[in-house]
Amino acid sequence: AAGAEERELTDGFHLIIDALKLNGVETIYGVPGIPITDFGRMAQAAGIRVISFRHEQNAGNAAAIAGYLTKKPGICLTVSAPGFLNGLTALANATTNCFPMILISGSSEREIVDLQQGDYEEMDQLAIAKPLCKAAFRVLHAADIGIAVARAIRAAVSGRPGGVYLDLPAKLFGQTMDAEKGAASLVKVIDAAPAMIPAPDAIKRALDVLKGAKRPLIIFGKGAAYAQADDDIRALVETSGIPFLQMSMAKGLLPDTHALSAGAARSTVLKDADVVMLIGARLNWLLSHGKGKTWGDAPKKFIQIDIEPKEMDSNVEIVAPVVGDIGSCVSALLQGMGSNWPKAPSDWVGVVSAKKDENIAKMAPRLMNNKSPMDFHGALGALRTIIKERPDAILVNEGANTLDLARGVIDMYQPRKRLDVGTWGVMGIGMGYAIAAAIETGKPVLAVEGDSAFGFSGMEVETICRYNLPVCIVIFNNNGIYRGTDVNPAGGDPATTVFVPGSRYDKMMEAFGGVGVNATNPDELSRAVNAAMDSGKPTLINAVIDPAAGTESGRIGNLNPQSVVKKK
Ligand SMILES: Cc1ncc(Cc2csc(CCOP(=O)(O)OP(=O)(O)O)c2C)c(N)n1
Ligand SMILES: [Mg+2]
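A brief report on the enclosed structure follows. The shown structure was predicted, so the numbers you read here are calculated from the model rather than taken from an experiment.

About the thresholds
- Residues numbered from 1 in each chain as written.
- Chains lettered and ligands numbered in written order.
- Predicted model: local features only at pLDDT ≥ 70, side-chain atom pairs only at ≥ 80, totals over all residues.
- Heavy atoms only, no water.
- Pairing = 2+ DSSP bridges.
- Helix = DSSP H or I, 4+ residues; strand = E, 2+ residues; numbered from the N terminus.
- Axes fitted to C-alpha atoms, helices over the stretch in contact; angles between N-to-C directions.
- Contact = heavy atoms within 4.5 Å.
- Near = heavy atom within 4 Å.
- Polar contact = N/O pair within 3.5 Å; in protein donor to acceptor, adjacent residues only side chain to side chain.
- Nonpolar A, V, L, I, M, F, W, Y, C, P; charged D, E, K, R; others polar.

## A short note on the sheet that holds strand E5 (residues 101-107)
- Overall, parallel pairing links the six strands, which are arranged E3-E2-E4-E5-E7-E6 in an open sheet. Strands at the two margins of the open sheet, each flanked by one partner only, are strand E3 (49-52) and strand E6 (135-138). Recorded for the sheet is a direction-independent mean angle of 20° between the axes of neighbouring strands.
- Pairing of strand E4 (residues 74-78) with E5 involves five bridges; the strand directions are parallel. Residue leucine 77 lies in a different strand from E5, and its bridge partner there is isoleucine 104.
- Of the strands in this sheet, strand E2 (27-30), E4 and E5 touch helix H3 (residues 56-70), which is tilted by about 165° from E4.

Listed below in structure tokens is the structure:
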């Protein structure tokens, strides 16, 4: 046998790469730098795709949405301190949205940090990450890398998915150990996201409540989209005949044009339903916390399906809590319903359908207007047609008016095709989500961006060109945040919410070899997007929108505090 001096060695670099590959990691999203530049190079050489970004927040958002789309944790790699902090927003956003991702950051040496002796980029990153994510681990010994990666993967995807932080001090990478022992220390995670089967009596209780409903409603949240139980979810709607609402990222679970879709009659069904079954949807601010005028005065019974037991009764009493993974819960409900479950009362279904048709008819003319400069509806009418013709394209969407109006105008036809600002309503997810959506699915991506929203991650147009990704960015350029018409009453500086008038974002894309187009009417917009979708070339379309067309904060202006003090 080889003597000790000849025995083959391995080191931290290789053990981390081997652990990630052993667990099926194929892509890392990150920004190079001390102490992880060589790690990124070695991971790439070992066959992992390493996508280099211009800012860690965008790499983190890419990792998060990769997790949402694949149900495997997306991996974000950053340098220590400032790079780690840049990734934290994405890690916290992933945790808030229940997207599985792992933020791996290089860090300073414990012995220096703990004595605060001033290391390069010194920061106690583990302590700072802990409150902002689902789980956080640090590794000091090479022999622990295998178990640490396994723990991070399981923490990210099991139960309610979320963000996990993995802290790797610089010295760990160069630490050597016996190669055989190293290989033996690696762990391939078994059943990382175990099924969580609901209790039979919880299913029975829920069905009893549902059976008694006169005006039932199902609300799907992005948790239902994440579950990838698409056939059973469709069967649940069609077996029960119950009208349904799809929260923003759940749109397309069933087509928005489905006969039982109540999307265009949202305010009616929230007010008048007597039994509401929430599936992977939380009763948070997006659903007015389940109370107040949105929900009308009539008493309501809530059935809630969620993997997190603590979610029950978070805002209002849940009379039939069903705790488990959505796939297991929906299949148990279907089993309990059997083959002759009574359809939802036809008078209720009729009321919903009539209201929906009325609202769709009201909106239709606004989508046809061809005026220039465009208003939001004219531009969105063109994009609505394109998504209808190209249902497997992925739509990324952020802004205020650009977000709120697109959500209602652009129908989705397939699950997990609409990626947007999610639970926080966070700006800046656009380019990270677009890049990961293109890389993880290979499908064409249409990113519909407010001009302010785009600004948060716009430098990644270079990244999009560098990897030659099929991403078509449409910027709704209304010269500002919400509008482009505010004026600074004190004179001097521009108002706080306006941008350079007549700006041409399309020139940014041309700067990096992509296709830039300036579109001043819906026909030009439509032609440019179709050309981009056909060519698959990175494209940025500067869609000129009337600066006066928007409203403050889109649909959520009511959240703004108002001053009652009138300064003399
Ligand atoms: C990280 C972060 N910082 C600020 C904000 C606050 C905000 C919400 S929406 C928005 C941009 C609205 O302007 P945009 O041009 O994108 O859209 P449009 O209405 O069509 O003109 C901001 C700055 C949020 N949500 N997140
Ligand atoms: Mg704007």
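## Brief notes about the site of ligand 1
- Every one of the 16 residues lining ligand 1 counts as a neighbour, but Asn401, Thr402, Gly425, Asp451 and Ala453 are closest to it.
- Between ligand 1 and glycine 425 there is a distance of 2.9 Å, counted from a nitrogen atom to a backbone nitrogen or oxygen.
- Contact distances for ligand 1 include 3.0 Å between an oxygen atom and a backbone N or O atom of glycine 480.
- Every element with two or more residues in the shell around ligand 1 is listed here: helix H17 (401-409) and helix H19 (451-457).
- By residue number, the principal contributor to the shell around ligand 1 is H19, which donates four residues.
- When the residues that make up the shell around ligand 1 are grouped by side-chain class, the tally is seven nonpolar, eight polar and one charged.

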